[in-house]
Amino acid sequence: MAKGNNRNLLIAEELLEHLGGAANIATTTHCMTRLRVAPQDRSKVNMEAIKKTEGVLGVVEEETIQIILGPGAVNKVSAEFEKLLAAADDFDLKDAASKNKSEIDKKNAKPFKLFLRRIASIFIPLIPALVASGLITGITKAIVQAGWLAADSQLAIILTVIGSGLFAYLGILVGTNAAKEFGGSPALGALAGILVINPAVGDIALFGENLLPGRGGLIGVLFAAIFIALVEKQVRKFVPQSLDIIVTPTIALLITGIVTYIVFMPVGGFVSDTITKGLLSVLDLGGVVAGFVLGATFLPLVVTGLHQGLTPVHLELINSIGDDPLLPILAMGGAGQVGAAFAIYFKTKKKSLKRAIGGGLPSGMLGIGEPLIFGVTLPLGRPFLTACLGAGVGGAFQAHFDIATIAVGVSGLPLTFLVHTNQILLYLAGLLISYVFGFIFTYLFGFKDEMAVEFK
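The structure contained in this document is the topic of the report that follows. Numbering of residues starts from 1 in every chain and runs along the sequence as written. Confidence filtering applies because this is a predicted model: local features only for residues at pLDDT of at least 70, side-chain atom pairs given and counted only at 80 or more, and all residues used for totals across whole chains, interfaces and linings. Hydrogens and waters are ignored; side-chain quantities use all the structure's heavy atoms.

1. Digging into the packing of aromatic side chains
Part 1 of the argument: Think of it this way: a Phe, Tyr or Trp ring, Trp meaning its six-membered ring, pairs with another when their centres are within 6.5 Å, and the plane angle makes it stacked under 30 degrees, edge-to-face over 60, tilted otherwise. In this structure the tally under the stated criterion is eight aromatic pairs.
Part 2 of the argument: Residues F342 and F346 carry aromatic rings whose centres are separated by 6.5 Å and whose planes lie at 20° to one another, so their mutual orientation is stacked. Remark: F346 and F342 occur in helix 15 (residues 332–347); sequence separation between them is four residues, near one turn of the helix.
Part 3 of the argument: Accessible area is worked out with a 1.4 Å probe on protein chains only. A residue is then buried under 20% of its type maximum, exposed over 50%, and partly exposed in between. Its relative accessible area of 55% is what places F346 among the exposed residues.
Part 4 of the argument: Summarising the aromatic geometry, the rings of F397 and F401 are spaced 4.8 Å apart at their centres and angled 50° between planes, so their arrangement reads as tilted.
Part 5 of the argument: For F397, a relative accessible area of 17% corresponds to the buried category.
Part 6 of the argument: In this structure an aromatic cluster arises from ring pairing among F342, Y345, F346, F439 and Y443.
Part 7 of the argument: Lysine NZ or arginine CZ positioned within 6 Å of the ring centre and within 35 degrees of the ring normal marks a charge as sitting over the ring. The positively charged end of K347 is found above the aromatic ring belonging to Y443, 5.1 Å away from the centroid.
Part 8 of the argument: One cation-aromatic arrangement involves K354 over Y345; the distance from NZ or CZ to the ring centre is 4.3 Å. Strands here mean DSSP runs of E at least two residues long; helices mean DSSP runs of H or I at least four residues long; both are numbered from the N terminus.

So this is what it looks like as structure tokens:
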């Protein structure tokens, strides 16, 4: 293995070796905490060696191998990893992807899980923008409502414009990513998003009523963008190559536009209403019980990576009712994890386990739970369950007081800036409750030092 000149390069080199070399990599990407790799031949992958690699916090085996590296580190290691792939002269990444991706997906994922992951792949690249815009919007509203800044001041207006821009045009970005994910042209996907959010839609009258711009929300955009990608691919089969650049996008846009206004916007609106009303009914009828169940079952979704598939649900709630009562409940998952980690820290005598917890706690409190999950509680087993129970108690509290966010962002302490200003103290109280009950359940029932056999 070639010697690297920095720690991130060394980690990337070691991971590439354990993954079977550059020729065994079909596709690679990364999110906020995970390097996601699809190998051509899994028999060439040394999973145990990957788990033992310095800097690796854990590994999730799905249709892709998800290597948990943690926030910040994943960006640097991924950059070095991609450089190593690019430097491999005997490897054609695009060719390998086209030959192996569909086979790997079919082999390692059930249809529903695969569908959720494809939806997640549309929204994962948008997370940094959602976090930044949400925090700017939330902090600005908090400052204005606290009386520290006049709502009509130029500074407040500037901050509001900066923070709100993404949410006004989010449909364009979602359409771009959706079309790309389903094999179409990103630019046509952007046009599909514009079809739905264009204010001029209000001038169209169908079936005796004017259409409502944005009707169907992101669900309608997803329908339209996926459809235009499929139409584009089908039309291209019959169009001569010399005319493709003119004929294919024109026909795809025309057909998609008509179908969007007649079908996708009404159907998207119905689906959106069903999702939002259904969730609100569950929370209204289930109350604290629903909050407990939702809070307690969120961490298993994080383990599988399926939690990213909930992003459109959060965004649709905000689009439909103006805020999101689901996110504060689910955010308690990470808080329960923090409480469990504190309990283990105070109870264990193993120095390496204390170091692992000390390294993961700051990220955990800031809403990035993977380091603690894959580095501490999940390997130990029982503490993961007691962390879920602590999260459930906090989720019940959030549900009881109807805590809601005005935007989507990272959970934990940063989410404080996204809840309604008059609910900030209640949200923090729920966060503290999850810390406390995660700590109590783990300290009393979830951990004994002899369980940590892999730590010294």
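2. Notes on the side chain of R36
Part 1 of the argument: As for its position among the elements, R36 is in strand 2 (residues 34–39).
Part 2 of the argument: With relative accessibility at 11%, the residue R36 sits in the buried group.
Part 3 of the argument: Any two residues whose heavy atoms approach within 4.5 Å are treated as being in contact. Once residues lying within four places of it in the same chain are set aside, the contact partners of R36 are T27, T28, T29, H30, C31, T64, I65, Q66 and I124.

3. Some details on the nonpolar core
Part 1 of the argument: By nonpolar core we mean a set of buried residues, namely Ala, Val, Leu, Ile, Met, Phe, Trp, Tyr and Cys, connected to one another through side-chain atoms within 4.5 Å. Ranked by size, the top nonpolar core spans 35 residues in total, and within it I122, F123, L170, V174 and L315 carry the most contacts.
Part 2 of the argument: Those elements giving two or more residues to this core turn out to be helix 5 (111–123), helix 8 (170–181), helix 9 (186–197), helix 10 (217–236), helix 11 (244–296) and helix 13 (311–321).
Part 3 of the argument: For this core, the element with the highest residue contribution is helix 10, accounting for 10 residues.
Part 4 of the argument: Aside from chain neighbours lying at most four places away, what touches L315 is F123, L130, L170, L218 and V408.
Part 5 of the argument: One finds A331, L353, Y427 and L431 within the second-largest nonpolar core, a separate group that totals 26 residues.

4. Quick word on the pattern of salt bridges
Part 1 of the argument: We define a salt bridge as a contact between a side-chain nitrogen of Lys or Arg and a carboxyl oxygen of Asp or Glu at a distance within 4 Å. Across all of its chains, the model carries six salt bridges by this definition.
Part 2 of the argument: The partner of R118 in a salt bridge is E181, and the shortest N-O contact between them spans 3.4 Å. Pair noted here: R118 is in helix 5 and E181 is in helix 8, with a separation of 63 residues, a long-range link.
Part 3 of the argument: With a relative accessible area of 27%, R118 lands in the partly exposed category.
Part 4 of the argument: E181 sits in the partly exposed class, given a relative accessible area of 23%.

5. With respect to helix 19 (residues 424–446)
Part 1 of the argument: Take the number of residues in a helix, subtract one, and multiply by 1.5 Å to get its expected span. Here helix 19 spans 30 Å end to end across 23 residues, near enough to the 33 Å set by a 1.5 Å rise per residue.
Part 2 of the argument: For helix 19, the complete set of buried residues consists of I424, Y427, G430, L431, S434, Y435, G438, T442 and G446.
Part 3 of the argument: Contacts from the buried residues of helix 19 go to helix 14 (326–330), helix 15, helix 16 (351–365) and helix 18 (382–400).

6. Some thoughts on helix 6 (residues 127–145)
Part 1 of the argument: Its 19 residues place the ends of helix 6 26 Å apart at the C-alpha level, agreeing with the 27 Å of an ideal helix rising 1.5 Å per residue.
Part 2 of the argument: Within the span of helix 6, buried status applies to I127, L130, V131, S133, G134, T137, G138, T140 and A142.
Part 3 of the argument: Following helix 6 by one or two positions, G147 adopts a phi angle in the positive range, close to 85°.

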